[in-house]
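The residues making up each chain are set out below.
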Amino acid sequence: MPHPTVVREAARVIAIEAARAYVANIHPIDLTNPGVLTGHLMAAETLLMDIVAAHAETAETEGAA
């Protein structure tokens, strides 16, 4: 059962705002610390996957209609 359009749009906004908030709170990164760099990359990947998932659900349900 597809989610109503309002719910899907809310999921998109939440995913994008979470990524914006994460980027806004990044302080200067110590580029000599591979652990910190890896952590930031993993967090960014997770946020991007959430954004893709929020948009992919829409494409799947709109294509089926």
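Residues numbered from 1 in each chain as written. Predicted model: local features only at pLDDT ≥ 70, side-chain atom pairs only at ≥ 80, totals over all residues. Heavy atoms only, no water.

Q: So, helix 1 (residues 5-24): which residues are in play, and what are the values?
A: An ideal rise of 1.5 Å per residue puts 28 Å on 20 residues; helix 1 measures up with 28 Å between its terminal C-alpha atoms. Within helix 1, burial applies to Arg8, Arg12, Ala15 and Ala19. Taken around the axis of helix 1, the buried residues stretch over an arc of 65 degrees, which confines them to a single face. Exposed residues lying more than 90 degrees from the buried face of helix 1 are Val6, Ile14, Arg20 and Ala24. (Helix = DSSP H or I, 4+ residues; strand = E, 2+ residues; numbered from the N terminus. Expected span 1.5 Å × (residues − 1). Buried < 20%, exposed > 50% of the residue type's maximum accessible area, 1.4 Å probe, protein only. Arc of directions from axis to C-beta.)

Q: I'd love a proper account of a nonpolar patch on the surface, names of residues and values included.
A: Together, Ile29, Leu31 and Val36 give the surface a local cluster of nonpolar side chains, amounting to about 250 Å² of exposed area. Along the chain, Ile29 turns up in the loop between helix 1 and helix 2 (34-64). Classification of Ile29 by relative accessible area gives partly exposed; the value is 33%. (Patch = residues over 30% accessible without salt bridge, like charges linked within 9 Å, V, L, I, M, F, W, Y side chains within 5 Å. Areas by Shrake-Rupley, 256 points an atom, 1.4 Å probe, with all protein chains shown as cover. Salt bridge = Lys/Arg side-chain N within 4 Å of Asp/Glu carboxyl O.)

Q: Explain the pattern of salt bridges residue by residue, including any values.
A: What the rule picks out here adds up to two salt bridges. Taking the shortest distance from any N to any O, the salt bridge between Glu9 and Arg12 comes out at 2.9 Å. Note that Glu9 and Arg12 are positioned in helix 1 at a spacing of three residues, about one turn of the helix. Under the relative-accessibility criterion, Glu9 is labelled partly exposed at 38%.

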